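Chain by chain, the residues run as shown.
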Amino acid sequence: MSELTAHLDVPLDRAAPAAARRAVTAVLAGWGFRDADWLDAAAVVVSELVTNAVRHGGGCLALHLESHDERVIVSVADGSSVVPRRRAPDDGGGRGLALIEALSENWSVENYRGGKRVLVELVRCPRGAAA
């Protein structure tokens, strides 16, 4: 079984979600993931995780990717220990966890360096799948 990892420190500002999306898409494509729809879904998950960390987390923001063959785990750590929870959607948001749940196999939260880390296992995608 092959394992690939990438760690990115992400600036804690409004540009962070877009920067994280671009970086993760490039890394995953470099690892051989080619399915455009799957890469788009991965980018949405990353964007939601980073957006939540910027809005609600604080502290340093760290993004980590792991690939174990066709299994990819994305995690985002921030300085807040407050666990994300679903809330009713409104004009200010509330759709992020529903999107993450729809685009992933599962997600979890763990304590991490005085804050938390949200881990998301993406739906499997074979490497080299056609675009």
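What counts, and where the lines are drawn
- Residues numbered from 1 in each chain as written.
- Predicted model: local features only at pLDDT ≥ 70, side-chain atom pairs only at ≥ 80, totals over all residues.
- Heavy atoms only, no water.
- Helix = DSSP H or I, 4+ residues; strand = E, 2+ residues; numbered from the N terminus.
- Rg over C-alpha atoms; globule rule 2.2 N^0.38 Å.
- Buried < 20%, exposed > 50% of the residue type's maximum accessible area, 1.4 Å probe, protein only.
- Contact = heavy atoms within 4.5 Å.
- Areas by Shrake-Rupley, 256 points an atom, 1.4 Å probe, with all protein chains shown as cover.
- Expected span 1.5 Å × (residues − 1).
- Polar contact = N/O pair within 3.5 Å; in protein donor to acceptor, adjacent residues only side chain to side chain.
- Phe/Tyr/Trp six-rings, centres within 6.5 Å; stacked < 30°, edge-to-face > 60°.
- Arc of directions from axis to C-beta.
- Salt bridge = Lys/Arg side-chain N within 4 Å of Asp/Glu carboxyl O.

## Examining the overall build of the protein
Here's step 1: On a plain count of helices and strands, the protein comes out with three helices and five strands.
Here's step 2: Computed over its C-alpha atoms, the radius of gyration of the protein comes to 14 Å, within 12% of the 14 Å expected for a compact globule of 131 residues.
Here's step 3: Viewed in the frame of its principal axes, the protein has a C-alpha envelope of about 35 × 30 × 25 Å.
Here's step 4: Per-residue burial over the protein gives 41% buried out of 131 residues.
Here's step 5: Put simply, of all contacts in the protein between residues at least 6 apart along the chain, 64% involve residues at least 24 apart.
Here's step 6: Split by element, the accessible area of the protein, about 7,000 Å² in all, is 51% carbon and sulfur.

## Quick word on helix α2 (residues 36-57)
Here's step 1: Taking 1.5 Å as the rise per residue, α2 with 22 residues should run 32 Å; its terminal C-alpha atoms sit 30 Å apart, in good agreement.
Here's step 2: Where α2 begins, one side-chain oxygen reaches toward the backbone nitrogen of D37, 3.2 Å away; that side chain belongs to D35.
Here's step 3: Downstream of α2 by a residue or two, G58 has a phi angle that is positive, lying close to 80°.

## Here we look at the packing of aromatic side chains
Here's step 1: Evaluation of the coordinates by the stated rule reveals one aromatic pair.
Here's step 2: Consider the rings of F33 and W38, whose centres lie 4.9 Å apart with planes at 20°: the pair is stacked.

## A look at helix α1 (residues 16-30)
Side chains that are three or four residues apart share a direction in an α-helix, a result of its 3.6 residues per turn.
Here's step 1: If you check α1, its first and last C-alpha atoms are 21 Å apart, about what 15 residues at 1.5 Å a residue would give, namely 21 Å.
Here's step 2: Inspection of α1 places A16, P17, A20, V24 and L28 among the buried residues, and these make up the whole buried set. Buried positions in α1, seen along its axis, are confined to an arc of 85° and lie on one side of it. Residues of α1 that are exposed and point over 90 degrees away from its buried face: R22, A26 and G30.

## Focus on the environment of W38
Here's step 1: As for its position among the elements, W38 is in helix α2.
Here's step 2: Taking the C-alpha atoms as reference points, W38 and S67, 29 residues apart in sequence, are found 14 Å from one another.
Here's step 3: Every residue in contact with W38, bar those within four places of it in the chain, is listed here: L28, F33, V72, L122, V123, R124 and C125.

## Considering the pattern of salt bridges
Here's step 1: Summed over the entire model, instances satisfying the criterion amount to three salt bridges.
Here's step 2: Linking D78 and K116 is a salt bridge whose minimum nitrogen-to-oxygen distance equals 2.9 Å. Remark: K116 occurs in strand β5 (residues 115-122) and D78 occurs in strand β3 (residues 71-78); sequence separation between them is 38 residues. For the pair D78 and K116, a shared accessibility class is recorded, and that class is buried.
Here's step 3: Residues E110 and R117 are paired through a salt bridge, measuring 2.4 Å at the closest nitrogen-oxygen approach.

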